[in-house]
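# Observations on the model geometry
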Amino acid sequence: MIHVAMPTERRRPAPSVLLPLTPAHYLRLRRIAAGLSVDAVARSISANNQAEARALVMLLETEGSTARYRETVEAFADAFPIDIDVYFQLRDTPAEDHPRICRGCGCSESDPCVAGDGSHTCGWRGPATCSRCVTAPAAPVLQ
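The paragraphs below set out a description of the structure included in this document. Note that the structure is a prediction, hence the values are computed from the model and not measured. (Residues numbered from 1 in each chain as written. Predicted model: local features only at pLDDT ≥ 70, side-chain atom pairs only at ≥ 80, totals over all residues. Heavy atoms only, no water.)

## Some details on the environment of Met 58
Put simply, the test is: Secondary structure elements follow DSSP: runs of H or I no shorter than four residues count as helices, runs of E no shorter than two count as strands, and numbering proceeds from the N terminus.
The topology assignment puts Met 58 in helix 3 (residues 50-60). Each C-alpha atom, one on Met 58 and one on Ala 42, is 9.5 Å from the other, the two residues being 16 residues apart in sequence.

What follows is the structure, given as structure tokens:
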């Protein structure tokens, strides 16, 4: 007697599930991608009160905390490349409406990475990875 197991159904592998990116994680990714420390950002956003500015940076990079005012995020955008609209989309819209954002550096389609010579913008190499993070993740982001 011959026993043969017949395949009953072909299954596709489950798609990788990405957790939604939070505004705090987005700010942290962009700051690190720009090669800046918390103190460097604090110096950039406030010349007068370093301790308070540092506390603000730390607070807004803490999960669950978000900026209330656009002006606050604009101050961060003056310090390093971020897309203010992306920040507020992450804060205000459901996860299924979030833009595509690289989990390595925080770039998005509306705010791509630019190479050190300013000539190359990144592209997508995976569901949440840009070409910069695949090839040279330690290179600082310019804009």
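## Thoughts on the pattern of salt bridges
The condition is simple: Salt-bridge detection follows one rule: a side-chain nitrogen of Lys or Arg within 4 Å of a carboxyl oxygen of Asp or Glu. Working definition: with a 1.4 Å probe on protein chains only, accessible area under 20% of the residue-type maximum means buried, over 50% means exposed, and in between means partly exposed.
In the structure shown here, the tally under the stated rule is six salt bridges. For Glu 61, the salt bridge goes to Arg 31, with nearest N and O atoms at 2.6 Å. Of this pair, Glu 61 sits in the loop between helix 3 and helix 4 (70-79) while Arg 31 is found in helix 1 (residues 23-33), placing the two residues 30 residues apart along the sequence. Across the pair, exposure class does not vary: Glu 61 and Arg 31 are buried alike. Each of Arg 70, Glu 74 and Asp 85 takes part in one network of salt bridges that share partners.

## Focus on the packing of helix 2 (residues 38-45) against helix 3
Note the cut-off: Lines are fitted to the C-alpha atoms to define the axes, a helix being fitted only along its stretch in contact, and any angle between axes, read from their N-to-C directions, falls within 0 to 180 degrees. Relative orientations are named as follows: roughly parallel for angles under 35 degrees, roughly antiparallel for angles over 145 degrees, roughly perpendicular for angles from 65 to 115 degrees, and oblique for any other angle. Here a crossing is called left-handed whenever its near helix is offset anticlockwise from the far helix by less than a right angle, and right-handed whenever the offset is clockwise. Only heavy atoms matter for contacts: two residues are in contact if any of them lie within 4.5 Å across the pair. When residues are grouped by polarity, Ala, Val, Leu, Ile, Met, Phe, Trp, Tyr, Cys and Pro land in nonpolar, Asp, Glu, Lys and Arg in charged, and all others, Gly among them, in polar.
Where helix 2 contacts helix 3, the axes come no closer than 8 Å and their chain directions differ by 120°. The angle between helix 2 and helix 3 falls in the class oblique. Crossing handedness for the pair helix 2 and helix 3: right-handed. Of helix 3, the residues touching helix 2 (which contributes Val 38, Asp 39, Val 41, Ala 42, Arg 43 and Ile 45) are Gln 50, Ala 53, Arg 54, Leu 56, Val 57 and Met 58. Residues that form the contact of helix 2 with helix 3 fall into these classes: eight nonpolar, one polar and three charged.

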